[in-house]
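Each chain is listed here by its residues.
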Amino acid sequence: MNLNLFGHNDRWLMVDCGVTFSKPGEDGPQVQMADPAFIVEHRDKLSALLVTHGHEDHIGAVAHLWPLLQCPVYVTPFAEALLRNKLAEAGLLNKVDVRSAYAGMRHQIDGFDIEWLGLTHSTPESNALMIRTDVGSVFHTGDWKLDLDPVVGEAFQPSRFAALQKEVPTAMICDSTNALETERSVSEGALHEGLLELVQQAPGRVIVGCFGSNVARLRTLAAIAHSCGRYPALIGRSLHNYYGAARSAGIWGENLGFVEADHLGYLPRNEVFAVATGSQGEARAALSRLASNNHPAMELEPGDTVLFSSRTIPGNELAVTAMIERFERLGVIVIGDAQVNKPIHASGHPSAAELADMYTWVQPSIAIPVHGEAAHMEANAEVAKQAGIKRQFTGNNGDLFVLAPQPGVRRGMVKAGRVGFERGQLVPVVT
Ligand SMILES: [Zn+2]
Ligand SMILES: [Zn+2]
């Protein structure tokens, strides 16, 4: 549930405004986000909200919190399509000042000189931000990986980031999610081969669970289905949302259509291909209903195959295992990334090796790891140190990182907490 605030000369910029979801069995509201109390109090000084990409942990709270913020929102076309759906649901579509951003854009907002720098991640149009002021600059990576074959969008461009080195950014705020991983992330383009082989070998129907926000993965899967003589369909509302957003942003590319899910029940088994929501075992999502043979689109039979082109988010293991057991009781073959030799899932975050590359290119004065648990941020700081970055600041939600003139961290400057969203309104979260 990312929410960053950058302050200079009595003005504030917000970068990202996301949600998190409570895990099965946890108390409290299902949708939670950072408590914006501090910036709401200083709302007249908030110049804009910049969204780095369309993942829920970066964009999911915009529609919930905007009535308290009331500032312009900058988004790229794919995220904008997703945001407009959310704003429409909240009855805010004509109230919010949504402004278009794009990779390569440079724009001045109240003393901040902002540049959007395109990079690769597990959803399209992800951007890092270079925020320059007259006293220093911040390079905010957002979520990223180093992908030279991302399937959708432009390949990662090292030279773009190496070019920042000569202006010595004051600080680099960087994604820590995979800082404990040593192997470089697998490229999206490298998944085609393994997925194709599995689909070619599958005797019956093929159902794939994946994260719908990964448009590149959807494209790879649609292309494989077509090349194997199968008719691909999307099952689940969020998949249709992401597919629709990709089409409206003009990034779906050439003609790789989907059939209506209702048609799947009438096709021969070896012509059926579906991408379904619910890879985390969510009880009401498509995969879980298919596992109980309780989905209107089709019934699965022994010899059908379910592929997980995804990973299980920590906390969801029990729900996912229980769902897999139900598939296996139906005689359905279940295959995940761990059971096969060729990769069928790729992470969207940088491993230690990729982090080291970025630090070497950008060479900021200070490294500030974010986006991860304490152990991930510590590991990221260590990578920065090894890469020759002199200072590393790690901290907690609510800490103020002073970058200029005298760098330092002021602990607990802002009361940090969570609010929930339930039955159409914000509610307190008791922790
Ligand atoms: Zn994220
Ligand atoms: Zn992300």
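Caption draft 1: Expanded view of the overall build of the protein. Helix and strand content of the protein: twelve helices and 23 strands. For the protein, whose C-alpha radius of gyration is 22 Å, the value lies close to the compact-globule estimate of 22 Å for 431 residues. Projected onto its principal axes, the C-alpha coordinates of the protein cover approximately 70 × 45 × 40 Å. Looking at the protein residue by residue over its 431 residues, the buried ones come to 47%.

Caption draft 2: Molecular detail of the domain arrangement of the protein. Split into domains, the protein comes out as domain 1 (4-183 + 347-428) and domain 2 (188-339). Look at where the C-alpha atoms of domain 1 and domain 2 centre, and you get two points 31 Å apart. With 18 residues of domain 1 at the contact, the number on the domain 2 side is 19 residues.

Caption draft 3: Representation of the packing of helix α4 (residues 77-89) against helix α8 (residues 237-248) in the model. Closest axis-to-axis distance for the α4/α8 pair is 8 Å, and the angle between their directions is 130°. Here α4 lies oblique to α8, going by the angle between them. Helix-helix and strand crossings are classified by hand; for α4 and α8 the assignment is right-handed. Across from F78, A81, L82 and N85 in α4, the residues of α8 making contact are N241, G244, A245, A246 and S248. Residues of the contact of α4 with α8, tallied by class, amount to five nonpolar, four polar and no charged.

Caption draft 4: Inspection of the pairing of strand β16 (residues 305-308) at higher detail. Judged by which residues are buried, β16 turns out to be covered on both faces: T305 and L307 on one side and V306 and F308 on the other are all buried. By the bridge criterion, four bridges tie strand β13 (residues 206-209) to β16 in an arrangement that is parallel. Looking at β16, one finds that V208 is bridged to L307. The parallel pair β16 and strand β17 (residues 333-336), bridged by helix α10 (residues 317-329), forms a crossover whose chirality is right-handed.

Caption draft 5: Focus on the nonpolar core. Counting 123 residues, the largest nonpolar core has V62 and A274 as the members making the most contacts within it. Two domains each donate at least three residues to this core, and these are domain 1 (4-183 + 347-428) and domain 2 (188-339). When sequence neighbours within four positions are dropped, the list of residues in contact with V62 reads C17, L49, V73, L83 and K86.

Caption draft 6: Spatial organisation of the sheet that holds β16. Across the sheet, five strands lie side by side as β14-β15-β13-β16-β17; this open sheet has parallel pairing. Lying at the two open borders of the sheet, with one neighbouring strand each, are β14 (231-235) and β17. With direction set aside, neighbouring strand axes in the sheet form an average angle of 20°. For β13 and strand β15 (residues 272-276), the ladder comprises four bridges, and the chain directions are parallel.

Caption draft 7: Summary view of the sheet that holds strand β4 (residues 31-34). Across the sheet, which stays open at both edges, the four strands sit in the order β3-β4-β22-β23 with antiparallel pairing between neighbours. Two strands lie at the open edges of the sheet, namely β3 (19-21) and β23 (425-428), each paired on one side alone. Taken pair by pair, the neighbouring strands of this sheet meet at an average axis angle of 40°, ignoring direction. With four bridges connecting them, strand β22 (residues 418-422) and β23 associate as antiparallel partners.

Caption draft 8: Examining α4 more closely. Compared with the 18 Å implied by 1.5 Å per residue over 13 residues, the 19 Å span of α4 between its first and last C-alpha is a close match. Looking at α4, one finds that the buried residues are F78, A79, E80, L82, L83, K86 and L87. On the buried face of α4, the contacting elements are α2 (56-59), α3 (62-69), β6 (73-75), β7 (98-100) and α8. With its phi angle positive at about 70°, G91 sits one or two positions after the end of α4.

Caption draft 9: Seen up close, helix α7 (residues 215-227). With 13 residues, α7 extends 18 Å between its outermost C-alpha atoms, agreeing within 8% with the 18 Å of an ideal straight helix rising 1.5 Å per residue. Here α7 lies mainly inside the structure; ten of its 13 residues are buried. Contacts made by the buried residues of α7 are with α6 (192-201), β13, β14, α8 and β15. Among the residues trailing α7, G229 stands out with phi positive, at a value near 70°.

Caption draft 10: Molecular detail of the environment of G209. Mapping G209 onto the fold places it in strand β13. Classification of G209 as buried rests on a count of 26 C-beta atoms within 10 Å. Along the chain, G209 and V275 lie 66 residues apart, while their C-alpha atoms are 5.9 Å from each other. Sequence-distant contacts of G209, defined by excluding residues within four places in its chain, comprise A276, G278, S279, L287, V306, F308, S309 and S310.

Caption draft 11: View of the environment of H121. Within the fold, H121 resides in the loop between β9 (112-118) and β10 (127-132). Judged by the 31 C-beta atoms lying within 10 Å of it, H121 falls in the buried class. With 93 residues separating them in the primary sequence, H121 and N214 have C-alpha atoms 8.9 Å apart. Those residues in contact with H121 that sit more than four places away from it in its chain are H53, S126, D143, W144, K145 and G348.

Caption draft 12: Local environment of the packing of helix α11 (residues 352-362) against helix α12 (residues 374-386). In the contact formed by α11 and α12, the axes pass within 9 Å of each other and the chain directions differ by 45°. By the angle class used here, α11 and α12 are oblique. Judged by the twist between their axes, the crossing of α11 over α12 is right-handed. Listed contacts from α12 to A352, L355, A356 and Y359 of α11 are A379, N380, V383, A384 and Q386. Here the contact of α11 with α12 is built from residues that sort into seven nonpolar, two polar and no charged.

The rules behind these values
- Residues numbered from 1 in each chain as written.
- Chains lettered and ligands numbered in written order.
- Predicted model: local features only at pLDDT ≥ 70, side-chain atom pairs only at ≥ 80, totals over all residues.
- Helix = DSSP H or I, 4+ residues; strand = E, 2+ residues; numbered from the N terminus.
- Rg over C-alpha atoms; globule rule 2.2 N^0.38 Å.
- Buried ≥ 20, exposed ≤ 12 C-beta atoms within 10 Å, placed from the backbone.
- Domains from an automatic or database assignment.
- Contact = placed C-beta atoms within 7 Å.
- Axes fitted to C-alpha atoms, helices over the stretch in contact; angles between N-to-C directions.
- Parallel < 35°, antiparallel > 145°, perpendicular 65-115°, else oblique.
- Left-handed = near helix turned anticlockwise from the far one by under 90°.
- Nonpolar A, V, L, I, M, F, W, Y, C, P; charged D, E, K, R; others polar.
- Pairing = 2+ DSSP bridges.
- Right-handed = clockwise from strand over helix to strand, strands pointing away.
- Core = buried A, V, L, I, M, F, W, Y, C linked by C-beta atoms within 7 Å.
- Expected span 1.5 Å × (residues − 1).

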